[in-house]
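Descriptive structure summary
In case you want the letters, here they are:
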Amino acid sequence: MFLRRPKKKNDRYIALLEICKEKFENHEHIKDEDLKLILQDLGFDFNSDVQVEKKFAQAVLNHVRSTVFWEYDDYHHFFISIKSYFQLLEYQELKEARRTAFIAQVFSGIAVFLTLVTLGVSISFSVRQINTPILIDNEQMEIIKSLANDQLSLSATNGLLEDILD
């Protein structure tokens, strides 16, 4: 009926708050009998032969009634208290923040890895380019010679102009 087994034994309180929050959001109250059933589903034994276990379950029930719930009438109808509601919201936000932080950490690790790979590839290409011999064919050599000759003749012309102007 209310069964929502917690992942860990110490999550029983959170599971109880989640059930109560869900009921509150659906505008449903929780009866005293329902509260007992919820706690039994979460592992508390009210019918145990062991007296300590039975008393502990009853103590949890009384604690939950007084701290987790707000009793709105004399018929033992309960809603989750505002304080408990916000405690659950804070817990859920903390879980979400942890999950988001973990995802961010994974992506940052991937980004660092890709940066290192890119750096390695870049260094590899640079070394290969440095070690590659330079080959100039005849056509390229002629272009270089022609540019050099043009530069020399331009320098000579500039030198003559300077002599004339002086």
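In case you missed it, the structure is sitting above this.
Being a predicted model, the structure only gives us computed values, none of them experimental. (Residues numbered from 1 in each chain as written. Predicted model: local features only at pLDDT ≥ 70, side-chain atom pairs only at ≥ 80, totals over all residues. Heavy atoms only, no water.)

1. A closer look at the overall build of the protein
Note the following rule: Helix and strand labels come from DSSP, where a helix needs a run of H or I of at least four residues and a strand needs a run of E of at least two; each type is numbered from the N terminus. Using a 1.4 Å probe on the protein chains alone, a residue whose accessible area is under 20% of its type maximum counts as buried, one over 50% counts as exposed, and one in between counts as partly exposed. Contact between two residues is taken to exist if any of their heavy atoms lie within 4.5 Å; hydrogens are not considered.
Across its full length, the protein holds 5 helices and 3 strands. For the protein, the succession of helices and strands along the chain, N to C, is α-β-α-α-β-β-α-α. Taking all 166 residues of the protein together, 22% fall into the buried category. Of the contacts made within the protein by residues no fewer than 6 positions apart, 52% connect residues no fewer than 24 positions apart.

2. Considerations on the nonpolar core
Quick reminder of the rule: By nonpolar core is meant a set of buried Ala, Val, Leu, Ile, Met, Phe, Trp, Tyr and Cys residues that side-chain atoms within 4.5 Å join together.
In terms of nonpolar packing, the biggest core is built from 23 residues, with Leu16, Leu35, Leu39, Val64 and Phe69 touching the most fellow members. Among the secondary structure elements, those contributing two or more residues to this core are α1 (12-25), α2 (32-41), α3 (51-68), β3 (77-80) and α4 (82-131). With 6 residues, the top contributor of residues to this core is α1. Excluding its chain neighbours within four sequence positions, the residues that come into contact with leucine 35 are Leu16, Ile30, Leu61, Val64, Arg65 and Phe69.

3. Side note on the packing of aromatic side chains
Here the distance between the centres and the angle between the planes together describe a pair of aromatic rings. Put simply, the test is: Aromatic rings from Phe, Tyr and Trp, taking only the six-membered ring of Trp, are treated as a pair when their centres fall within 6.5 Å; an angle between ring planes under 30 degrees marks them as stacked, one over 60 as edge-to-face, and anything in between as tilted.
Taken as a whole and assessed by the stated rule, the structure comprises 2 aromatic pairs. Consider the rings of tyrosine 85 and phenylalanine 86, whose centres lie 5.8 Å apart with planes at 90 degrees: the pair is edge-to-face. Under the relative-accessibility criterion, tyrosine 85 is labelled buried at 16%. Here the aromatic cluster, defined as three or more aromatic residues joined through ring pairs, consists of Phe24, Tyr85 and Phe86.

4. Things to note about the packing of α2 against α3
A pair of packed helices is characterised by two quantities: the angle between their axes and the separation of those axes. Put simply, the test is: Orientation is described by lines fitted to C-alpha atoms, with helices fitted over the stretch in contact, and by angles between N-to-C directions that extend from 0 to 180 degrees. Reported orientations rely on four angle classes, namely roughly parallel under 35 degrees, roughly antiparallel over 145, roughly perpendicular from 65 to 115, and oblique for the rest. Crossing handedness is read from the near helix: turned anticlockwise from the far helix by less than a right angle, it gives a left-handed crossing, and turned clockwise, a right-handed one.
Close contact between α2 and α3 brings their axes to 11 Å; oriented N to C, the two are set at 125 degrees. With respect to α3, the element α2 is oriented oblique. The two elements α2 and α3 cross, and the hand of that crossing is right-handed. Across the interface between the two elements, Asp32, Leu35, Lys36 and Leu39 from α2 touch Gln58, Val60, Leu61, Val64 and Arg65 from α3.

5. Let's talk about a nonpolar patch on the surface
As a reminder, the rule being used: Patch definition: residues above 30% relative accessible area lacking any salt bridge, with like charges linked at up to 9 Å and the nonpolar side chains Val, Leu, Ile, Met, Phe, Trp and Tyr linked at up to 5 Å. Here, Shrake-Rupley sampling with a 1.4 Å probe gives the accessible areas, and only protein chains in the shown set may cover a residue. For this document, the term salt bridge refers to a Lys or Arg side-chain nitrogen within 4 Å of an Asp or Glu carboxyl oxygen.
Taken together, the side chains of Phe102, Ile103, Val106, Phe107, Ile110, Phe113, Leu114, Val117, Val121 and Phe125 present a nonpolar region at the surface, about 960 Å² in accessible area. Note on isoleucine 103: relative accessible area 34%, which makes it partly exposed.

6. Comments concerning α1
Counted only if it meets this: For a helix, the expected span equals 1.5 Å multiplied by the number of residues minus one.
The end-to-end C-alpha distance of α1 is 20 Å, a good match for the 20 Å that 14 residues give at a rise of 1.5 Å each. Inspection of α1 places Arg12, Ile14, Ala15, Leu16, Leu17, Ile19, Cys20, Lys21 and Lys23 among the buried residues, and these make up the whole buried set.

Interpretation note: all reported values are geometric properties and have no functional meaning in isolation.
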